[in-house]
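Secondary and tertiary structure notes
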Amino acid sequence: MAEGNRPGGLTALAVLNFVFGGFGVLGVLAMAALFGFFNELSEGEIAKEVGGEGILLFILTGISAALLIVSGIGYLGQKRVLGRMMGSFYGIASIANNGLSLAVGEEFNFGTIVGLVYPVLTLILVNTTFKDDLVN
């Protein structure tokens, strides 16, 4: 495909990345606020209150949100590294994040379905359908 002729599906994927990335940033901010609240209640022993799994979920959520936004920018610029590679890294990190969430006892709900389907869809699309479009 000629440079500058970005497929509509790739643009839609970028927009979805920005929307989900924004929600992810809000989730990270909410988790940070809760960690601060727990830290005040427990007099500085946050690790005991939320556990290692909670801190790992916080880190993976932040990484996933950042990768969503960065890969969305890459999709718009049709960049191989920023789009395809970061989109693939996002898919892997998000699947790991959702798997860990389920492993620590979170219930399976609509958010979990979206949290698993979208990264798998992203992995498929950037590595098959839009593979030739993400070459710059």
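A quick note: this is a predicted structure, and the numbers were derived from the prediction, not measured.

Rules and cut-offs
- Residues numbered from 1 in each chain as written.
- Predicted model: local features only at pLDDT ≥ 70, side-chain atom pairs only at ≥ 80, totals over all residues.
- Heavy atoms only, no water.
- Helix = DSSP H or I, 4+ residues; strand = E, 2+ residues; numbered from the N terminus.
- Buried < 20%, exposed > 50% of the residue type's maximum accessible area, 1.4 Å probe, protein only.
- Contact = heavy atoms within 4.5 Å.
- Expected span 1.5 Å × (residues − 1).
- Polar contact = N/O pair within 3.5 Å; in protein donor to acceptor, adjacent residues only side chain to side chain.
- 1 Å grid on protein atoms, 1.4 Å probe; cavity = no way out; pocket = protein on both sides within 12 Å on 5 of 7 lines; lining within 4 Å.
- Points joined across faces, edges and corners; volume = space filled by probe spheres on them.
- Nonpolar A, V, L, I, M, F, W, Y, C, P; charged D, E, K, R; others polar.
- Axes fitted to C-alpha atoms, helices over the stretch in contact; angles between N-to-C directions.
- Parallel < 35°, antiparallel > 145°, perpendicular 65-115°, else oblique.
- Left-handed = near helix turned anticlockwise from the far one by under 90°.

1. A word on the overall build of the chain
Assigned secondary structure in the chain consists of four helices and zero strands. Its helices and strands taken in sequence order, the chain reads α-α-α-α from the N to the C terminus. Across the 136 residues that make up the chain, the buried fraction comes to 35%. Looking at the chain alone, contacts between residues at least 24 apart form 74% of all its contacts between residues at least 6 apart.

2. What about helix H3 (residues 80–103)?
If you check H3, its first and last C-alpha atoms are 33 Å apart, about what 24 residues at 1.5 Å a residue would give, namely 34 Å. Gly-105 sits one or two residues past H3 and shows a positive phi near 110°.

3. Description of the side chain of Asn-98
Locating Asn-98 in the fold gives a position in helix H3. Residue class for Asn-98 comes out buried when judged on its relative accessible area of 15%. One polar contact links the side chain of Asn-98 to the main-chain carbonyl oxygen of Ser-94, over a distance of 2.9 Å. Among the polar contacts made by the side chain of Asn-98, one reaches the main-chain carbonyl oxygen of Gly-115 at a distance of 2.6 Å. Not counting chain neighbours up to four residues away, the residues in contact with Asn-98 comprise Gly-115 and Leu-116.

4. Topic: the layout of surface pockets
Take a probe with the size of a water molecule and roll it over the atoms, and the empty space left behind shows itself. Reported here for the largest pocket is a volume of approximately 740 Å³. Lining the largest pocket we find 28 residues, and of these Gly-24, Thr-61, Asn-97, Asn-98 and Gly-111 sit closest to its centre. Where the lining of the largest pocket is concerned, the elements lending two or more residues are helix H1 (8–41), helix H2 (46–77), H3 and helix H4 (110–129). When residues of the lining of the largest pocket are assigned to their parent elements, the largest contribution, eight residues, is made by H1. A class-by-class count of the residues in the lining of the largest pocket yields 14 nonpolar, 13 polar and one charged.

5. Description of the packing of H3 against H4
At a closest axis distance of 9 Å, the pairing of H3 and H4 adopts a crossing angle of 155°. In terms of orientation, H3 lies roughly antiparallel with respect to H4. Along this stretch, H3 crosses H4, giving a crossing that reads as left-handed. Within the contact between the two elements, H3 uses Arg-84, Gly-87, Ser-88, Tyr-90, Gly-91, Ile-92, Ser-94, Ile-95, Asn-98 and Leu-102 and H4 uses Thr-112, Gly-115, Leu-116, Tyr-118, Pro-119, Val-120, Thr-122, Leu-123, Val-126 and Asn-127. Tallied by class, residues from the contact of H3 with H4 come to 10 nonpolar, nine polar and one charged.

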